[in-house]
Amino acid sequence: MPRPAPQAMSLALLVPILLLLIFFFLFPLAYLLYLSSLAQQPTLQNPLPELSSINYLKILQDSFYLSMSLNSTLVGLSTTFLTIAIAYPVAFYITRISGWERTLVSVACLLPIFVNVIVGILGWYILLLPFGIVQQALAGLGIVSGPLQLLRTFPALVAVLVYEHLPFAVLILVSSLQAIPTDKINAARVLGASVPRIVLSLIIPLTMPGLVACVILVFSLSASSYLAPILIGGQRTPVLPLAIFSYGTELHNWPLAAALSFVLLVLVVAISYGFSAAMNRIAKLGQWEFV
Amino acid sequence: MRATANPVLRFDRVSKAFQGQIVLNELTLEMQQGEFLTLLGPSGCGKTTSLNLVAGLLRPDAGTIFLRGKPVDSLPPRRRGLGLVFQSWALFPHMNVFDNIGFGLKIRSAPSTEIRKRVGEMLDLVRLPGVGEKFPSQLSGGMQQRVALARALVTRPDLLLLDEPLSNLDAALRKEMQIELRRIHSQLRVSTLLVTHSQEEALMMSDRIAVMRSGIIECIDTPQRVYNQPPTRFVCTFVGEANTFKCRVDEVAHGEAKLSCGALKIVVGARPGIVAGQTVVAAIRPENVVLAAAGAGSGSNDAVIVDAVFKGNNISYSAVVGSEMLNVVTPPPADGCTLAKGDKVLLSFPKSKVILLEAGGVDA
Amino acid sequence: MVGLRIFVYVVIALMLLPVLITFPVALTATSRISFPPIGLSMRWFASILTDQVLLQSIARSFWLALTVAALSIAIALPCAFAVQRGRLRYRNALETLITSPRMIPQIVFVLALLVYFEPIRLAQKFAGLVIAHLVITIPFAFRTLLVSVSTLDRRLEASSDVLGATPLQTFRLIVLPQLKTGLIASFIFTFILSFNNVTLALFLSGIGQRTLPVEMFTRMNVAGMTPVIPAISFVLSVVGVLLFVVLDRTIGVYRFLAARE
């Protein structure tokens, strides 16, 4: 067998990526962290302001920011829950079909990745206009009359976010479900297990890692999502990314924007790991029985 | 084969270890120009490692390898002038047969007319005319084997290395390819080093066999001598079948030595170093045991048949002499009467066919 | 199963609806976004070709994505080889580092880049945007290519070696053809990722240097939207669907995209 590459050669091949990551990923984040602990924006007159935790204190003590964090969390959790509730059966269905039907279902579910997400948001925007399709359909059925204010509501925001993130959940769950061989399910059926029983004690435990990955991914993506909140959610449901954007670009208060982004980061990481740890605990406690 | 001044390949106390395990232990051997030498041994004996060392795919930890008299330690594989065929043949799947075979020539920037001529010659040599346009995935195992061979030979290497090339073929194809390899070797007279664990292959194709075990060569000799006069118990039992007995030398007189192993009695010609009272290991191959009906002759052993297996071109008997079990193989009898379980027979062991191995004998 | 089937097809309808709705809306003869469309006309589809700003943003997106995809592979491929074959001691840590950009919310990362680029004057420049895209696409290209590299048959390279080829020749003639599928998949998916990216482009492309998604977003959010936006949206949808179908039928989509997790 060919000699393994000498260490020096391997390290040389890694130089470009290491340089890229160090200078354009780690350094910027470190600089952002530094910024977040400054009392004020560095300027030409005052290039090295003193360190202080004033920004974090401001965020943690002001109910405005706290409610914003809460909103982000709620948005994230609702989106995650709904997305997985929809993606799971769909992914299961996909694994049991093939050919053109599979391509068709996959196209529909993975569309937001292949076609720009803006297209989808635009579509939802049009649908949800005060006199848009949804209103017309409902008016036609006699349920409502007059303009329907669907945009700028929490449910509309969550709906669009679910649309945006369904592809990710489907992708992960499909590969997770595909790993379960059909003969295990057949064995359970032969033994007389009912459908809910099969789902609960066989399918869900075996796809647990995929499920956890899904939750983490969808939650972090939706809680930090920017486009849907700004185009659909609006000022009624303020979330952290919006504040980060306005403080960062419009108001040029970088230290505060930086602090807000780290709050968001901590929020996302904390909930992700918390969930992951909780799932591990449950998996150990519960007596998952494998056929 | 007489040793010539310049062996094509020489190992000089070559050692190699992997993760603390010694795979080759001061291996020394010489291979002559034009010879077909086989490295034979069980898995883990170091034969494939030796091949990889010759090819330059591995570097020795100690010792030197010489090709055509020159040490090759600093030479990368591409400058060693070798041909190599892997067990999996390793044909380039994205190239057709013609491009596969011509690869070595294309690398050397040979003109396309010459490439076409030489590839054509190779295809004729391996008896595969007209498959040039096909891709490896469209060929059968035997055909891929031939293409791999042609590819290795087209550059006219000084030494051809074959790493268990027939293991992936079914039995019938294997026999056919053994004959082919032998034919190609005698036609081209290319020095060939074959690595295999199949003793039938080794016996059939080689000019000399080097039997390896645990990183050293236990014996290197012609197939006949390896088979008929194995120096160690391992070689004796690895190459061909053998009945082995731990015997006591009862008496040495009149140029003969009488050995006994329980109820079993063996007589061999006396040789220096054999004295009464010694323990030796004697062996005899199943096909050399003479079977006679009870009551005939003297100097034979009384035995009882315990089992008889009809194998088509021979019959394999298990017989018991006292507490010793023997395997005896005979051609099917002319009258069609085979012996059955419980039959009494006489077994005798021709003196010239008894193999004496080292006394005591480290367990193989 | 029947209940499941109905459920799935309802979901499909809901997923396709936002995309399909752009078509009739774009067919309107007036300049208002409304459904049902008022009058029918192809003028907005035609106007795509005369809208200079829009066309420029399409070109910009295209070249950006092309550059990012090519550079992404050029950087990730040697990396995949080094990790797979280098027998490095810190392989796991390295893999985590390389894929870590995808674990940070894009909004946090883009803010960090924004404040970081300002003093080194890369803000609002094409190069800055390329770099930003590279950081988030390379983890994905790396993952995909790592799988491809790990399935290489090294005996092919050994054979080529013994036959006389230099390492460079072996790489060009034997290894690259073996990697063809992985390289193509990597390229296409990285291209898509870059082309469709909004968050990074939004913050980092300069005024007048907008990529297509940013241009669409700006018109939706701030500048006032004519039906040309639904028109280009629909065109993008059609392209996206065709691309997906072609990819799924040839190299398979789940295989490559699912590796990202």
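Residues numbered from 1 in each chain as written. Chains lettered and ligands numbered in written order. Predicted model: local features only at pLDDT ≥ 70, side-chain atom pairs only at ≥ 80, totals over all residues.

1. Side note on the overall build of chain B
Now for step 1: When helices and strands are tallied, chain B shows 8 helices and 20 strands.
Now for step 2: Taken across its 364 residues, chain B has 39% of its residues classed as buried.
Now for step 3: Look at the contacts in chain B between residues 6 or more apart in sequence, and 66% of them connect residues 24 or more apart. (Helix = DSSP H or I, 4+ residues; strand = E, 2+ residues; numbered from the N terminus. Buried ≥ 20, exposed ≤ 12 C-beta atoms within 10 Å, placed from the backbone. Contact = placed C-beta atoms within 7 Å.)

2. Examining the interface of chain A and chain C
A common measure of how large an interface is: the accessible area buried when the components associate.
Now for step 1: The interface is formed by 70 residues belonging to chain A together with 72 residues belonging to chain C.
Now for step 2: The biggest single contributor to the side of chain A that touches chain C is helix 1 (residues 7-36) of chain A, with 16 residues.
Now for step 3: Considering only residue class, the side of chain A that touches chain C consists of 56 nonpolar, 14 polar and no charged. (Nonpolar A, V, L, I, M, F, W, Y, C, P; charged D, E, K, R; others polar.)

3. Concerning the domain arrangement of chain B
Residue and element names in this part refer to chain B.
Now for step 1: Each assigned domain of chain B is listed with its residue range as follows: domain 1 (9-234) and domain 2 (243-357).
Now for step 2: Distance from the C-alpha centre of domain 1 to the C-alpha centre of domain 2: 40 Å.
Now for step 3: On the domain 2 side, the residues contacting the 4 residues of domain 1 number 4 residues.
Now for step 4: Its residues assigned to classes, the side of domain 1 that touches domain 2 comprises 1 nonpolar, 2 polar and 1 charged. (Domains from an automatic or database assignment.)

4. Describing unusual backbone geometry
Now for step 1: Although it is not a glycine, Arg 13 of chain B adopts a positive phi angle of roughly 45°.
Now for step 2: Of note, Arg 13 of chain B is situated in strand 1 (residues 9-18).

5. Side note on the nonpolar core
Now for step 1: If you look at the biggest cluster of nonpolar residues, it comprises 167 residues, and the most contacted ones within it are Val 170 and Leu 260 of chain A together with Cys 79 and Leu 111 of chain C.
Now for step 2: Take this core: its biggest share by element is 16 residues, from helix 7 (residues 154-178) of chain A.
Now for step 3: If sequence neighbours within four positions are ignored, Leu 111 of chain C has contacts with Leu 32, Ile 244, Gly 248, Ala 257, Ala 258 and Ser 261 of chain A.
Now for step 4: With 106 residues, the next largest nonpolar core counts Ala 202, Ala 283, Tyr 317 and Ala 319 of chain B among its residues. (Core = buried A, V, L, I, M, F, W, Y, C linked by C-beta atoms within 7 Å.)

6. Description of the sheet that holds strand 16 (residues 301-310) of chain B
Residues and elements named next belong to chain B.
Now for step 1: Strand order in this open sheet of 5 strands is 15-19-16-17-18, and the pairing throughout is antiparallel. In the strand order of this sheet, the two ends are held by strand 15 (290-293) and strand 18 (324-330), each with one partner. Neighbouring strand axes in the sheet, compared pairwise and without regard to direction, differ in orientation by 45° on average.
Now for step 2: Two elements, strand 17 (residues 315-321) and strand 18, share 7 bridges in a ladder whose sense is antiparallel. Along strand 18, the bridge assignment pairs Ile 315 with Thr 330. (Pairing = 2+ DSSP bridges. Axes fitted to C-alpha atoms, helices over the stretch in contact; angles between N-to-C directions.)

7. Describing the interface of chain B and chain C
Now for step 1: Contacts between the two partners involve 16 residues from chain B, matched on the other side by 14 residues from chain C.
Now for step 2: Where the side of chain B that touches chain C is concerned, the elements lending two or more residues are strand 6 (82-85) and helix 2 (97-107) of chain B.
Now for step 3: At 3 residues, helix 2 of chain B tops the list of elements feeding residues into the side of chain B that touches chain C.
Now for step 4: When the residues that make up the side of chain B that touches chain C are grouped by side-chain class, the tally is 10 nonpolar, 4 polar and 2 charged.

8. Concerning helix 1 (residues 2-20) of chain C
Now for step 1: Its 19 residues place the ends of helix 1 of chain C 26 Å apart at the C-alpha level, agreeing with the 27 Å of an ideal helix rising 1.5 Å per residue.
Now for step 2: Regarding helix 1 of chain C, the residues found buried are Val 8, Val 11, Met 15, Pro 18 and Val 19 of chain C. Down the axis, helix 1 of chain C shows its buried residues gathered within 120° of arc, on one side only. Opposite its buried face, helix 1 of chain C presents the exposed residues Val 2, Gly 3, Arg 5, Ile 6, Val 10 and Ala 13 of chain C, each directed more than 90 degrees away.
Now for step 3: The inward-facing, buried residues of helix 1 of chain C abut helix 3 (63-95), helix 4 (99-114), helix 5 (117-127) and helix 7 of chain A together with helix 2 (22-26) and helix 13 (228-250) of chain C. (Expected span 1.5 Å × (residues − 1). Arc of directions from axis to C-beta.)

9. Digging into the confidence of the model for chain B
Residues and elements named next belong to chain B.
Now for step 1: Overall, the prediction assigns chain B a mean pLDDT of 88, with 95% of residues at 70 or greater.
Now for step 2: Confidence drops under pLDDT 50 across residues 360-364; counting only partners more than four residues distant or on other chains, this segment forms 6 contacts.
Now for step 3: ipTM for the predicted complex: 0.86, alongside a pTM of 0.83. (pLDDT = per-residue confidence, 0-100.)

10. Section: the sheet that holds strand 3 (residues 36-40) of chain B
Residue and element names in this part refer to chain B.
Now for step 1: Reading across from one edge, 6-7-8-3-9-10 is the order of the 6 strands in this open sheet, with mixed pairing throughout. Each of the sheet's edge strands pairs with one partner strand only, and the pair in question is strand 6 and strand 10 (216-221). Taking each pair of neighbouring strands and ignoring which way they run, the sheet shows an average axis angle of 15°.
Now for step 2: In terms of strand pairing, strand 3 meets strand 8 (residues 191-196) through 5 bridges, oriented parallel. Among the inter-strand pairings, Leu 39 is bridged to a residue of strand 8, identified as Val 195.

11. So, the pairing of strand 14 (residues 279-284) of chain B
Residue and element names in this part refer to chain B.
Now for step 1: In terms of burial, strand 14 is a largely internal element, 5 of the 6 residues being buried.
Now for step 2: Here strand 11 (residues 243-253) runs beside strand 14; their pairing, made up of 6 bridges, is antiparallel. Among the inter-strand pairings, Phe 245 is bridged to a residue of strand 14, identified as Ala 282.
Now for step 3: Relative to strand 20 (residues 355-357), strand 14 runs antiparallel, the two being bridged by 3 bridges. What sits directly across from Ala 282, in strand 20, is Leu 356.

12. Some points on the packing of helix 3 of chain A against helix 10 (residues 208-223) of chain A
Residue and element names in this part refer to chain A.
Now for step 1: Contact geometry for helix 3 and helix 10: axes closest at 8 Å, N-to-C directions at 135°. Put simply, helix 3 runs oblique to helix 10. Regarding helix 3 and helix 10, the two cross each other, and that crossing is right-handed. Listed contacts from helix 10 to Ser 72, Thr 73, Val 75, Gly 76, Thr 79, Thr 80, Thr 83 and Ile 84 of helix 3 are Cys 214, Val 215, Val 218, Phe 219, Ser 222 and Ala 223. (Parallel < 35°, antiparallel > 145°, perpendicular 65-115°, else oblique. Left-handed = near helix turned anticlockwise from the far one by under 90°.)

13. So, the packing of helix 8 (residues 154-162) of chain C against helix 9 (residues 167-178) of chain C
Pairs of packed helices are described in terms of their axes, by the angle between the two and the distance that separates them.
All names here are of chain C.
Now for step 1: Orientation of helix 8 relative to helix 9, taken along the N-to-C sense of each, is 140°, at an axis distance of 10 Å. The angle between helix 8 and helix 9 falls in the class oblique. The hand of the helix 8/helix 9 crossing is right-handed. Each of Leu 156, Glu 157, Ser 160 and Asp 161 in helix 8 lies in contact with helix 9, whose residues at this interface are Thr 170, Ile 174 and Val 175.

14. Brief notes about the environment of Ala 69 of chain C
Residue and element names in this part refer to chain C.
Now for step 1: Locating Ala 69 in the fold gives a position in helix 4 (residues 52-85).
Now for step 2: Residues Ala 69 and Ser 233, 164 residues apart in the sequence, show an inter-C-alpha distance of 23 Å.
Now for step 3: When near neighbours in sequence (up to four residues on either side) are disregarded, Ala 69 contacts Phe 187, Thr 190, Phe 191 and Ser 194.

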